[in-house]
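Report on the structure
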Amino acid sequence: MLSYQAVRAPRRTLKSLLLGALFISPMAMAAYPDKPIQLIVPWAAGGGSDAAARGIAAALETELGVTINVVNRAGGNGVVGHSVMAAAKPDGYTLGFVTGELNMMHWQGLTKLTYNDFTPIAMTNYDYPGVQVAADSPYNSVSELLEAIRNEPKGTIKASGTGLGGIWHVAFSGLLLEQGIAPEKVTFVPSQGAAPAMVELAAGSIQLVPTSVPEARSMIEAGKAKGLAIMSPQRNPAFPAIPTLKESLGSEYSLGEWRGIAGPKHLPPEIVGKLEAALEKAYNSEQYKGYMGKLGFGVEWRNAASFTSFLEANNAYMGEIIAKIGMKK
């Protein structure tokens with residue numbers, strides 16, 4: 001018969017192993033980082049999130065002195081990548097490039113993940129969507145496009161640029177509602193991001209891509225697409241010819257995509273502090289600002305505390321928007 005001590009010993013060993021896996025010694029924290037860091041991006045390569053992530057990753061490499069490997073984990077309208085981030089070991093060597101969909105997916109019943117499952121470190125980017133059509137499109141202004149959507153049979157105009165319920169879908173649906181048009185008048189075709197959607201636009205498979213203007217830039221510059229408007233308070237300095245909705249329609253409506261760096265829940269404060277300080281230097285560097293400005297991406301800084309407050313407020317706001325367009329579950 002096994003003694004009490006013999007039965008209990010393996011349990012204590014297992015417990016100690018589990019605690020050891022989670023515990024990070026002060027010495028390890030002091031040396032952090034001493035090996036490459038993985039940055040998970042929940043969207044496909046070639047899109048805006050991928051480009052913005054690679055911009056801040058390159059500048060962060062300079063500050064930390066270690067390699068930052070950007071890994072694309074697209075799928076599930078952002079669910080796959082965000083889930084990978086949340087499940088990572090909280091040791092600072094797997095971080096995530098969280099996007100606005102984090103505050104949208106759970107409202108739509110796609111996941112139970114919320115911003116509370118992460119450790120916010122810093123927000124580095126905010127972009128507003130543009131309204132892009134093919135270069136040979138008959139629509140030369142956003143008012144002409146909206147009038148066609150209003151009058152044409154349901155489904156005549158197809159759009160894409162993200163997954164169903166993604167930020168660009170929600171942003172354009174909100175605009176349609178604001179203009180008194182039922183969102184379902186436009187058929188939204190899910191995609192893994194703006195890059196493949198712009199290819200479909202140029203091929204004529206869809207008629208509209210509401211995505212950030214930088215993501216449409218290559219097709220616009222190649223003469224295969226044109227921007228009709230941008231859903232922001234001011235024009236984008238990198239695309240001065242594209243008018244705002246207020247200029248085109250007299251509308252104050254705007255809604256954009258935020259992006260930032262976060263770790264899994266329970267990331268040690270010492271590591272958060274190191275990353276936050278390094279990210280602030282990276283954000284303010286000419287390397288990062290020049291890269292983002294050249295591509296036309298918006299930059300916006302929020303430290304860990306400010307990013308946390310922003311996430312809470314934005315989460316409530318997105319819940320209201322998603323309910324209004326009938327996608328809340």
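Thresholds, definitions, all that
Residues numbered from 1 in each chain as written. Predicted model: local features only at pLDDT ≥ 70, side-chain atom pairs only at ≥ 80, totals over all residues. Heavy atoms only, no water. Helix = DSSP H or I, 4+ residues; strand = E, 2+ residues; numbered from the N terminus. 1 Å grid on protein atoms, 1.4 Å probe; cavity = no way out; pocket = protein on both sides within 12 Å on 5 of 7 lines; lining within 4 Å. Points joined across faces, edges and corners; volume = space filled by probe spheres on them. Nonpolar A, V, L, I, M, F, W, Y, C, P; charged D, E, K, R; others polar. pLDDT = per-residue confidence, 0-100. Contact = heavy atoms within 4.5 Å. Phe/Tyr/Trp six-rings, centres within 6.5 Å; stacked < 30°, edge-to-face > 60°. Buried < 20%, exposed > 50% of the residue type's maximum accessible area, 1.4 Å probe, protein only. Axes fitted to C-alpha atoms, helices over the stretch in contact; angles between N-to-C directions. Left-handed = near helix turned anticlockwise from the far one by under 90°. Pairing = 2+ DSSP bridges.

1. Examining the environment of Pro 269
Residue position: Pro 269 is located in helix H10 (residues 269-284). Placed 34 residues apart in sequence, Pro 269 and Arg 235 show a C-alpha to C-alpha distance of 39 Å.

2. Some points on empty space enclosed by the protein
One pass over the full model with this rule turns up one cavity of 30 Å³ or more. Approximately 110 Å³ is the volume found for the largest cavity. Considering the residues around the largest cavity, the lining is formed by 16 residues, among which Trp 43, Ser 49, Trp 168, Gly 193 and Glu 215 are closest to the centre. Those elements that provide at least two residues to the lining of the largest cavity are helix H3 (48-64), helix H6 (167-178) and strand E10 (257-264). The greatest single-element share of the lining of the largest cavity, amounting to three residues, is contributed by H3. Residues that form the lining of the largest cavity fall into these classes: five nonpolar, six polar and five charged.

3. Regarding the layout of surface pockets
Here the largest pocket is characterised by a volume of approximately 290 Å³. In terms of lining residues, the largest pocket is bounded by 19 residues, among which Tyr 128, Asn 236, Pro 237, Gly 296 and Gly 298 are the most central. Of all the secondary structure elements, the ones that give two or more residues to the lining of the largest pocket are strand E4 (118-127), helix H8 (213-221) and strand E11 (299-302). Tallied by class, residues from the lining of the largest pocket come to ten nonpolar, six polar and three charged.

4. Examining the confidence of the model for the protein chain
Averaged over every residue, the pLDDT of the protein chain is 91; the share at 70 or more is 91%. Under a pLDDT of 50 for its full length, residues 1-21 has, in the predicted model, three contacts with residues more than four places off or in other chains.

5. As for the packing of aromatic side chains
Overall, the coordinates contain six aromatic pairs when judged by the stated rule. The interplanar angle of 70° and the centroid separation of 5.1 Å between the aromatic rings of Tyr 32 and Tyr 93 together place this pair among those described as edge-to-face. Placement of the pair is Tyr 32 in the loop between helix H2 (26-31) and strand E1 (37-41) and Tyr 93 in the loop between helix H4 (79-87) and strand E3 (94-99), with a sequence separation of 61 residues. Each member of the pair, Tyr 32 as well as Tyr 93, carries the same accessibility label: buried.

6. Focus: the packing of helix H7 (residues 194-203) against H8
The interhelical angle for the contact between H7 and H8, taken along N-to-C directions, is 35°, at an axis separation of 10 Å. Two packed elements cross with a definite hand, and for H7 against H8 that hand is right-handed. Residue-level contacts link Ala 194, Met 198, Val 199 and Ala 202 of H7 to Glu 215, Ala 216 and Met 219 of H8. Class assignment of the residues belonging to the contact of H7 with H8 gives a composition of six nonpolar, no polar and one charged.

7. Remarks on the sheet that holds strand E8 (residues 209-212)
To summarise the sheet geometry, strands pair through backbone hydrogen bonds and adopt either a parallel or an antiparallel arrangement. Strands sit in the order E8-E5-E9 across an open sheet of three strands; the sheet is antiparallel. A strand with exactly one partner marks an edge of an open sheet, and here the two such strands are E8 and strand E9 (225-230). Adjacent strand axes in the sheet meet at a mean angle of 40°, parallel and antiparallel pairs treated alike. In the sheet, strand E5 (residues 129-134) pairs with E9 via five bridges, with the strands oriented antiparallel. Bridge pairing in E9 links Gln 132 to Gly 227. Its contacts with the sheet put H7 on E5, E8 and E9, and the angle it makes with E8 is roughly 140°.

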